[in-house]
Every structure is written in C-alpha cells, then in structure tokens.
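Here is what each chain is made of, one letter per residue.
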Amino acid sequence: MPQDPSDAAAPLTAVDRTPVHRLPRLAALLGMQQDALWIKRDDLTGLAGGGNKARKLVPLLAAARAAGADTLVTGGGAQSNHARMTAAAAAIHGMGSHLVLNRPPVPDQGGNLLLDGLFGAGVTWTQALPFADLQTAIEECCEKLRAGGRKPYSIPVGGSSVLGASAYLDVAQEIGEQLDPGLVVVATGSGGTHAGLAAGFGDHARVLGVDVGALPDVATVVRDLSTAVAAHAGREAPRGSVSLDRARIGDGYGLPTEAGHEALLAAARCDGILLDPVYTAKAMAGLFAARRDGRIEASTRVLFLHTGGLPGLFAHRYADWAGSLL
Ligand SMILES: Cc1ncc(COP(=O)(O)O)c(C=O)c1O
C-alpha cells in the first residue's frame, strides 16, 4: 500500500538512542580516574546539526500535527539552536516556520541564521526582549498568521513547556540503561533539559546545571518545571534542591568566556569533541571548575550531556573569538 507522505515524515524527526562513551584524556587532564568521565552525545540527535532540542521537538511536533497546524512558530536569540531545529522539523513535516528572534547587539550572520534561511523560515526581529517577553511576541506573531488564514502552532522559547521538557524525563531512563552516573553535567538555558532530567532521576543532586544566563532566575524555573514534569508522568517531585552553577555566565547570555575558551580547546584537543561558545563550552567550564574545587571527586562517575550547538561556532559574531582560539 502506498505510504501517506505525512506519516512517512514522522520518523524523520524521531530521535534514536544516542551514544555514551568515555573521555579518557580529558579525565586525565582533570586528574580523574580513567573511567570516571563520560559523555552522552545528544549533539548527534539529527535535525541539521543535532542537539537537545530535537528531543523536545518529538512530542511538540506530535501535538502540532494533532492540532492540524501548518506553521510552527517559536523564538529565541539570533543564534537560537532551538529555532533552527524547529525550522528543520517544519520542513521535514511539510509545514512552514516563523521565528521571532532577538536582534543581536552586533551585526550577525552565518551559523544558525544561515540554516534558518535555508529551511525557509520567516523571521520577525525584536529588540533585545527578555526571554520571558519573547513569548508574548511569539503569540502576537501567531495572531497575525491566523488572521492571514494560517494554522500556527506556538512552541515556547527553548521548547521548555511541560510537554517539551518531558522528553528529558525519558532521557534520564535512557542514561540509566547505558551507565549509572553519579552526576550529570548539563548547560541550563531555558531550563527544560535540566528539569526533565531531574524529574527523571527523581533527585536534583544527580544533575548539575551550568547556567548560561538566558533567564534571570532559572533555578526557580527548573524547580517548578521539574515538579510539573514529574506530576505529568504521575511521579513525585524530585528530591532535594536544584543544583546550579551560576558562576560561568561571564558578561551575559551569548557572550563567550575565557573559561569556556579553555574548555572548548581542551575538549577538542584531548578527545576530539566540538563544543559551542554559548552553551556547551560554558557547561564544560562548569565541570572543570567543579572538579578543580573538589565538588566532583576523582572517582565520581560523571556524565557530560553534550546538548549540541555546533552551528553557533560558525556565527559571524564569534569569528574573532574563534580565531583567537588558534
Ligand atoms: C546547544 C544547547 N545546549 C543547551 C541548551 C539549554 O537547554 P534548555 O533550554 O533546555 O535549558 C540549549 C538551548 O537552547 C542549546 O541550544
């Protein structure tokens, strides 16, 4: 029987189990036992560059399709990985996409913006709105699309609704089947990935989030969202209090740091892992700091969750910074 093309598109945005492997030379650099440091490769989830947002988009796309949507609408920073992956998912599902993006403080091109254009996303630029207010701009954009006869589906900044974040509750289980880490280290932006993991492990102490400065009080967001994600799955709220490193932000969201620079170089040269300036380099810097000041012991089994972001490394605004790495 011929396949309905809309059904055939669905598996293309499904995410297979991602690999977990050791980082032996990075472990040695940090004075950790040989088998203590591991990485989970959620940078290999697919959707034109990979990353954590592919996971969140699985339930969100299912909801959009069930609602009969023809256009996905979301927003974020100019170099938002989430926006790029939403545009990719829309293309795969034969939908349109519209992105509400904060105009960057310096002229920017390339990286995720290039990919957004390739996927045919429409873009509305806003003036440096706090992420909380971007949601209002996303809803306004949906209104305009509706007035023009489209059927938009609104996805929150970072995909961090209860539905989106629930994808990481399942990832906690996936991790448990692959390895039994004492601690997972992850970049915390809009908070959904961190919240989903904490809900999945049932224990905040198992997840160290490294705040990248996207929201003013992401600890509260993670606490409330992890409770809601757990309740959605019929579980208790995770034990303990949110574990968050707020000292790696530097001068702000999207602004690279020296410590991130060191972490990015070390990961590339020790174990061939590519990080990005906005999220994963800061998260790895948080792991380095926790190890150096003794919060992570030499024998603790640590899993670094690589959440993707590679296109950001090629954004024009980071060209000088990237050049200074060499
Ligand atoms: C590469 C990358 N890592 C980490 C994050 C943070 O994830 P979350 O927004 O769920 O906190 C993002 C969010 O955009 C991201 O793009």
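Since we're looking at a predicted model, the values are computed, not measured.

Some thoughts on the sheet that holds strand E10 (residues 302-306)
In spatial order, the strands read E1-E2-E10-E7-E8-E9; together these six strands make up an open sheet with mixed pairing. Only two strands of the sheet have a single partner each, and these edge strands are strand E1 (20-22) and strand E9 (244-245). Pairing of E1 with strand E2 (residues 37-41), which is carried by three bridges, proceeds in the antiparallel orientation. In the strand pairing of E2, His21 is matched with Ile39. Relative to the sheet, helix H11 (residues 280-292) contacts E2, strand E7 (183-188), strand E8 (207-211), E9 and E10, its axis offset from that of E10 by approximately 165°.

With respect to the site of the ligand
Close to the ligand lie 16 residues; Lys56, Gly189, Ser190, Thr193 and Thr307 are nearest. At 3.1 Å from an oxygen atom of the ligand is found a side-chain nitrogen or oxygen belonging to Asn52. Between an oxygen atom of the ligand and a side-chain N or O atom of Ser190, the distance comes to 2.5 Å. The set of elements that each furnish at least two residues to the shell around the ligand consists of helix H3 (53-66), E7 and helix H8 (192-201). Residue composition of the shell around the ligand, by class: two nonpolar, twelve polar and two charged. Two domains each provide a minimum of three residues to the shell around the ligand, namely domain 1 (5-51 + 161-323) and domain 2 (53-159).

Focus: the sheet that holds strand E4 (residues 96-102)
The four strands are arranged E5-E4-E3-E6 in an open sheet whose pairing can be described as parallel. The open sheet has two edge strands with one neighbour each: strand E5 (122-126) and strand E6 (152-154). Here the average twist between neighbouring strands, direction ignored, is 20°. Relative to strand E3 (residues 71-76), helix H4 (residues 81-92) is tilted by about 170°, and along the sheet it contacts E3 and E4. Here helix H6 (residues 131-147) sits on the sheet in contact with E3, E4, E5 and E6, set at roughly 155° to E3.

Some points on the domain arrangement of the protein chain
Considered domain by domain, the protein chain is made up of domain 1 (5-51 + 161-323) and domain 2 (53-159). Each of domain 1 and domain 2 was reduced to a C-alpha centroid, and the two centroids are 22 Å apart. Residue-level contacts link 41 residues of domain 1 with 34 residues of domain 2. Across the domain 1/domain 2 interface, buried area totals approximately 2,700 Å², and carbon plus sulfur atoms make up 63% of it. Our count for the contact surface shared by domain 1 and domain 2 stands at two salt bridges. Our enumeration of links across domain 1 and domain 2 arrives at 13 residue pairs in polar contact (both at pLDDT 80 or more). Only helix H1 (5-9), helix H7 (162-178) and H8 provide two or more residues apiece to the side of domain 1 that touches domain 2. Looking at which element gives the most residues to the side of domain 1 that touches domain 2, the answer is H7, with seven residues. Its residues placed into classes, the side of domain 1 that touches domain 2 shows 19 nonpolar, 16 polar and six charged.

What counts, and at which threshold
Residues numbered from 1 in each chain as written. Predicted model: local features only at pLDDT ≥ 70, side-chain atom pairs only at ≥ 80, totals over all residues. Heavy atoms only, no water. Pairing = 2+ DSSP bridges. Helix = DSSP H or I, 4+ residues; strand = E, 2+ residues; numbered from the N terminus. Contact = heavy atoms within 4.5 Å. Axes fitted to C-alpha atoms, helices over the stretch in contact; angles between N-to-C directions. Near = heavy atom within 4 Å. Polar contact = N/O pair within 3.5 Å; in protein donor to acceptor, adjacent residues only side chain to side chain. Nonpolar A, V, L, I, M, F, W, Y, C, P; charged D, E, K, R; others polar. Domains from an automatic or database assignment. Buried area = accessible area lost by both parts, 1.4 Å probe. Salt bridge = Lys/Arg side-chain N within 4 Å of Asp/Glu carboxyl O.

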